[in-house]
Amino acid sequence: INFVYRPPDSRQDWIDIYENKNKSAVNQFPEIFIFGDFSIPFTSKNISCNLKWSTFYSIYGLTQLITELTRVTQNTSSIIDHIYTTYPDHVSDIVVRKVAISDHFPDVSRGIFEVETWIHDPNIALAHLTSILKCTLDKHAPKKRKKVKS
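Here the structure is a predicted model, which is why all the values come from computation and not from measurement. (Residues numbered from 1 in each chain as written. Predicted model: local features only at pLDDT ≥ 70, side-chain atom pairs only at ≥ 80, totals over all residues. Heavy atoms only, no water.)

Caption draft 1: Broad picture of the pattern of salt bridges. Throughout the structure, instances matching the rule amount to 2 salt bridges. Residue Asp13 pairs with Arg11 through a salt bridge whose shortest N-O separation is 2.5 Å. (Salt bridge = Lys/Arg side-chain N within 4 Å of Asp/Glu carboxyl O.)

Here's what the structure looks like:
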């Protein structure tokens, strides 16, 4: 599971840096989920105008799951919030809420965490997400103590 925020003013080489940092994980683990605000617009037909990014996620067998617009302004509309996975059949539903406190609509993926309700209180939502991530990390990457001889 990987969460991403890419500022809109990032340079194109961000994709190379991101790929280099994640190449081993993508090659090592068969089931990958990447969530985030990539600031790489897709059209409502889920087509990216960024060939370099399209090549990246295609090479690693990732599927972009968001098909509804996530950023709508007076002048433009696009999908800049993405969810990618190597196993799209493991996700039962994607919901893009049409309410927001910014120019992005929040998106929720069901199936990955089996989240069935929308949490309106941000503190409760953060606590819930933290709990889910902690359980997942404890299961798949538990803390281990090692003694180091000096």
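Caption draft 2: Representation of the nonpolar core within the structure. In terms of nonpolar packing, the biggest core is built from 25 residues, with Ile34, Phe38, Trp53, Phe56, Leu62 and Tyr84 touching the most fellow members. For this core, the elements supplying multiple residues, two or more each, are α1 (14–28), β2 (33–42), α2 (51–59), β5 (77–85) and β6 (93–96). Ranked by residues supplied to this core, first place goes to β2 with 6 residues. Aside from chain neighbours lying at most four places away, what touches Phe56 is Ile15, Tyr18, Glu19 and Leu62. (Core = buried A, V, L, I, M, F, W, Y, C linked by side-chain atoms within 4.5 Å. Buried < 20%, exposed > 50% of the residue type's maximum accessible area, 1.4 Å probe, protein only. Helix = DSSP H or I, 4+ residues; strand = E, 2+ residues; numbered from the N terminus. Contact = heavy atoms within 4.5 Å.)

Caption draft 3: Molecular detail of a nonpolar patch on the surface. Residues Ile1, Phe3 and Leu129 make up a contiguous nonpolar surface patch of about 260 Å² in total accessible area. Within the element layout of this structure, Ile1 appears in the segment before β1 (2–5). With relative accessibility at 48%, the residue Ile1 sits in the partly exposed group. (Patch = residues over 30% accessible without salt bridge, like charges linked within 9 Å, V, L, I, M, F, W, Y side chains within 5 Å. Areas by Shrake-Rupley, 256 points an atom, 1.4 Å probe, with all protein chains shown as cover.)

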